Amino acid sequence: MALNNKKNIKSTADTGFGTNASSYGGRFLNKDGNPNIIKRGIPFFERYSWFHSMLSVSRWRFFFTILFVYISVNLLFTLTYYLIGVQHLSGLNPISEKEKFIEAFFFSTQTFTTVGYGRIAPVGVAMNAVASFQALIGLLSFALATGLMYGRFSRPKAYVKFSENAIIAPFNNATALMLRLAPFKNTTLTDAIAKITLIMAIKENDKFVNKFYNLELELPTINALTLSWTLVHPITTDSPLYQFSTDDFNNTKGEIIVYIKAFDDMFSNTVIARTSYTFDEIKYGVKYVPMFYRDDALETTVLELDRINETTAVELNLETI
């Protein structure tokens, strides 16, 4: 079926991504759900919300940043103490320059954390002024770090894992677009809602424009998201993917954006998860392998999250899907 015939299917209004296809490079959303956009035109430090960035970075980057700032600040104050003169630090015996620098560093860490063991103490106005200022910086820094730590642990988040690929599989004597997701933490998600938007670049009047289509789902809502959930869009005559050939999939720039919203009982708050699949991330002629089953004692259900991407081949007419 020619792509131009897709103009006969009603598309939705601009969803915020823009209709000019030539203005976009790559995909609209990254796999992690964040927009594939680089913002420029303003200073670097005004471009990002550092609070939001520290809440959203990975765990190892968060702790590495905290450790890096901690060591850097103490090295800066250690250098200041060393330049003023370590002779103004009482409790230091005559030692080598290297040992003096190390002792000044540990004095800095004790002052920064307000531990103050008392073995080494500042002497003189300059040294006491710097130590007092560092103690103030330490109090503010630990208050900020504590707030970030609490924010990371208390922030509601949808712990939902999506399959790496969407698939075209048999469904009710026809075909359907499918993708699978599952919760991967010990949280309880209820009243889950799923929405899928299809974006395709279609040529109109010798110009490619982005067209947006809301894909109808067989089951758009479920009461509880406890096991895997396969989202199914039946490819009927009302679907923009009806009679979409394999050549159309291979030669068309398209993307499927998935939006999940659910209620988290633990936080009593709504959580959201997003991802996307470009046309080259769609597999044809396969179906998902079940990822949950009863245990040997027949007393509980086992959900194997490492099988979320597992598929098996099935017969499918790929010429006219």
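Above this text you will find the structure in question.
Below: a short report on this structure.

What counts and how
- Residues numbered from 1 in each chain as written.
- Predicted model: local features only at pLDDT ≥ 70, side-chain atom pairs only at ≥ 80, totals over all residues.
- Heavy atoms only, no water.
- Patch = residues over 30% accessible without salt bridge, like charges linked within 9 Å, V, L, I, M, F, W, Y side chains within 5 Å.
- Areas by Shrake-Rupley, 256 points an atom, 1.4 Å probe, with all protein chains shown as cover.
- Salt bridge = Lys/Arg side-chain N within 4 Å of Asp/Glu carboxyl O.
- Lys, Arg positive; Asp, Glu negative; His and termini not counted.
- Charge placed at Lys NZ, Arg CZ, Asp CG, Glu CD.
- Helix = DSSP H or I, 4+ residues; strand = E, 2+ residues; numbered from the N terminus.
- Expected span 1.5 Å × (residues − 1).
- Buried < 20%, exposed > 50% of the residue type's maximum accessible area, 1.4 Å probe, protein only.
- Contact = heavy atoms within 4.5 Å.
- Phe/Tyr/Trp six-rings, centres within 6.5 Å; stacked < 30°, edge-to-face > 60°.
- Lys NZ or Arg CZ within 6 Å of the ring centre and 35° of its normal.
- Core = buried A, V, L, I, M, F, W, Y, C linked by side-chain atoms within 4.5 Å.
- Axes fitted to C-alpha atoms, helices over the stretch in contact; angles between N-to-C directions.
- Parallel < 35°, antiparallel > 145°, perpendicular 65-115°, else oblique.
- Nonpolar A, V, L, I, M, F, W, Y, C, P; charged D, E, K, R; others polar.

1. Observations concerning a positive patch on the surface
Then step 1. There is a patch of like positive charges on the surface, built from Arg59, Arg155, Lys157 and Lys185.
Then step 2. Relative to the helices and strands, arginine 59 resides in helix α3 (residues 59-84).

2. Quick notes on helix α5 (residues 125-154)
Then step 1. Between its first and last C-alpha atoms α5 spans 43 Å; for 30 residues at 1.5 Å apiece the expected length is 44 Å, and the two agree.
Then step 2. Along α5, the positions that sit buried rather than exposed are Met127, Val130, Ala131, Gln134, Gly138, Leu148, Gly151 and Arg152.
Then step 3. In this structure, the buried side of α5 is in contact with α2 (50-56), α3, β1 (89-90), α4 (97-112) and β2 (121-122).

3. With respect to the packing of aromatic side chains
Then step 1. Within the structure shown, the criterion is met by 9 aromatic pairs.
Then step 2. The interplanar angle of 20 degrees and the centroid separation of 6.3 Å between the aromatic rings of phenylalanine 64 and phenylalanine 68 together place this pair among those described as stacked. Residue phenylalanine 64 and its partner phenylalanine 68 are both found in helix α3; the two are separated by 4 residues, about one turn of the helix.
Then step 3. In this structure phenylalanine 64 comes out as exposed when scored by relative accessible area, which is 51%.
Then step 4. For phenylalanine 68, a relative accessible area of 53% corresponds to the exposed category.
Then step 5. Centre to centre, the rings of tyrosine 82 and phenylalanine 101 are 5.8 Å apart; their planes meet at 65 degrees, and the pair counts as edge-to-face. Here phenylalanine 101 lies in helix α4 and tyrosine 82 lies in helix α3, a separation of 19 residues in the sequence.
Then step 6. For phenylalanine 101, a relative accessible area of 29% gives the class partly exposed.
Then step 7. The structure contains a cluster of three or more aromatic residues connected by ring pairs, namely Tyr70, Phe112 and Phe142.
Then step 8. Just above the ring of phenylalanine 62 sits the side chain of arginine 152; from NZ or CZ to the centre is 4.5 Å.

4. Points about α3
Then step 1. With 26 residues, α3 ought to run about 38 Å at 1.5 Å a step, and its terminal C-alpha atoms sit 38 Å apart, in line with that.
Then step 2. Buried residues of α3: Phe62, Asn74, Phe77, Thr78 and Tyr81, and no others.
Then step 3. Those residues of α3 that are buried are in contact with α2, α4 and α5.
Then step 4. Looking one or two residues past α3, glycine 85 carries a phi angle of roughly 125 degrees, positive in sign.

5. What about the nonpolar core?
Then step 1. Counting 43 residues, the largest nonpolar core has Phe162, Leu179, Leu181, Leu231 and Val258 as its most contacted members.
Then step 2. Here this core takes 7 residues from strand β6 (residues 189-204), the largest share from any one element.
Then step 3. With residues near it in sequence (within four places) discarded, leucine 181 still touches Val160, Lys161, Phe162, Leu225, Leu227, Ser228, Trp229, Leu231, Ile260 and Ile308.
Then step 4. Formed by 11 residues, the second largest nonpolar core is a distinct cluster that contains Tyr81, Leu92, Ala104 and Met127.

6. As for the packing of α3 against α5
Then step 1. Between α3 and α5, the shortest axis-to-axis distance is 11 Å and the interhelical angle comes to 175 degrees. Classed by the angle they form, the pair α3 and α5 counts as roughly antiparallel. The segment α3 lies against α5, with Arg59, Phe62, Phe63, Ile66, Tyr70, Asn74, Phe77, Thr80, Tyr81 and Ile84 engaging Ala126, Met127, Val130, Ala131, Phe133, Gln134, Phe142, Ala145, Leu148, Met149 and Arg152.
Then step 2. In terms of residue class, the contact of α3 with α5 is built from 16 nonpolar, 3 polar and 2 charged.

7. A word on a nonpolar patch on the surface
Then step 1. Residues Phe44, Phe45, Tyr48 and Trp50 make up a contiguous nonpolar surface patch of about 490 Å² in total accessible area.
Then step 2. On the secondary structure map, tyrosine 48 appears in the loop between α1 (44-47) and α2.
Then step 3. Take tyrosine 48: its relative accessible area is 40%, and that puts it in the partly exposed class.

Keep in mind that these numbers describe shape and distance, not what the molecule does.
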